[in-house]
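# Residue-level structural notes
Listed below, chain by chain, are the residues.
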Amino acid sequence: MTVKGSLLDDATRALGDTIRAALDVGGRVPCLGRGEWLADDPDSIEYAAHHCTGCPVLDACQAV
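Residues numbered from 1 in each chain as written. Predicted model: local features only at pLDDT ≥ 70, side-chain atom pairs only at ≥ 80, totals over all residues. Heavy atoms only, no water.

### Side note on the side chain of S44
Looking at where S44 falls in the secondary structure, it is placed in helix α2 (residues 42–52). With a relative accessible area of 13%, S44 lands in the buried category. Aside from chain neighbours lying at most four places away, what touches S44 is E36 and A39. (Helix = DSSP H or I, 4+ residues; strand = E, 2+ residues; numbered from the N terminus. Buried < 20%, exposed > 50% of the residue type's maximum accessible area, 1.4 Å probe, protein only. Contact = heavy atoms within 4.5 Å.)

Listed below in C-alpha cells is the structure:
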C-alpha cells in the first residue's frame, strides 16, 4: 500500500466515524441514500451542492 492509499483509507475511516457520530446525535447527513451525489447531470450536481451546505460531515467528506 502506498502512502497516498493509506491517507485515503484514514480519511475514509474518519468520514465513516464522523457520519456515525452525527447520526448518533440526531444530525442529518443529506447524501445518505441519495443518488444525486453520484450523478453527472447539472440539476443533480446543483441539488447536491445546495444540500451539502451546512452538512455536519462536510469537512470530513471533502478530505476523501
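### Focus on the environment of A39
The topology assignment puts A39 in the loop between α1 (3–24) and α2. Other than its neighbours up to four places away in sequence, A39 contacts S44 and I45.

### Topic: the pattern of salt bridges
In total, this model carries three salt bridges according to the counting rule given. When the shortest N-O distance is used, the salt bridge between R13 and D10 registers 2.7 Å. In this pair, R13 and D10 both sit in helix α1, three residues apart, roughly one turn of the helix. Of the residues examined, D10 reaches a relative accessible area of 38% and is grouped as partly exposed. Residue E36 pairs with R34 through a salt bridge whose shortest N-O separation is 2.8 Å. (Salt bridge = Lys/Arg side-chain N within 4 Å of Asp/Glu carboxyl O.)

### Some remarks on a negative patch on the surface
Together, D40, D41, D43 and E46 give the surface a local cluster of negative charge. Residue placement: E46 occurs in helix α2. A relative accessible area of 58% means that E46 is categorised as exposed. (Patch = residues over 30% accessible without salt bridge, like charges linked within 9 Å, V, L, I, M, F, W, Y side chains within 5 Å. Areas by Shrake-Rupley, 256 points an atom, 1.4 Å probe, with all protein chains shown as cover. Lys, Arg positive; Asp, Glu negative; His and termini not counted. Charge placed at Lys NZ, Arg CZ, Asp CG, Glu CD.)

### Concerning the environment of H50
Mapped onto the secondary structure, H50 falls in helix α2. On the basis of relative accessibility, which here comes to 56%, the residue H50 falls in the exposed class. H50 sits 22 residues away from R28 along the chain, and the two C-alpha atoms are 14 Å apart.

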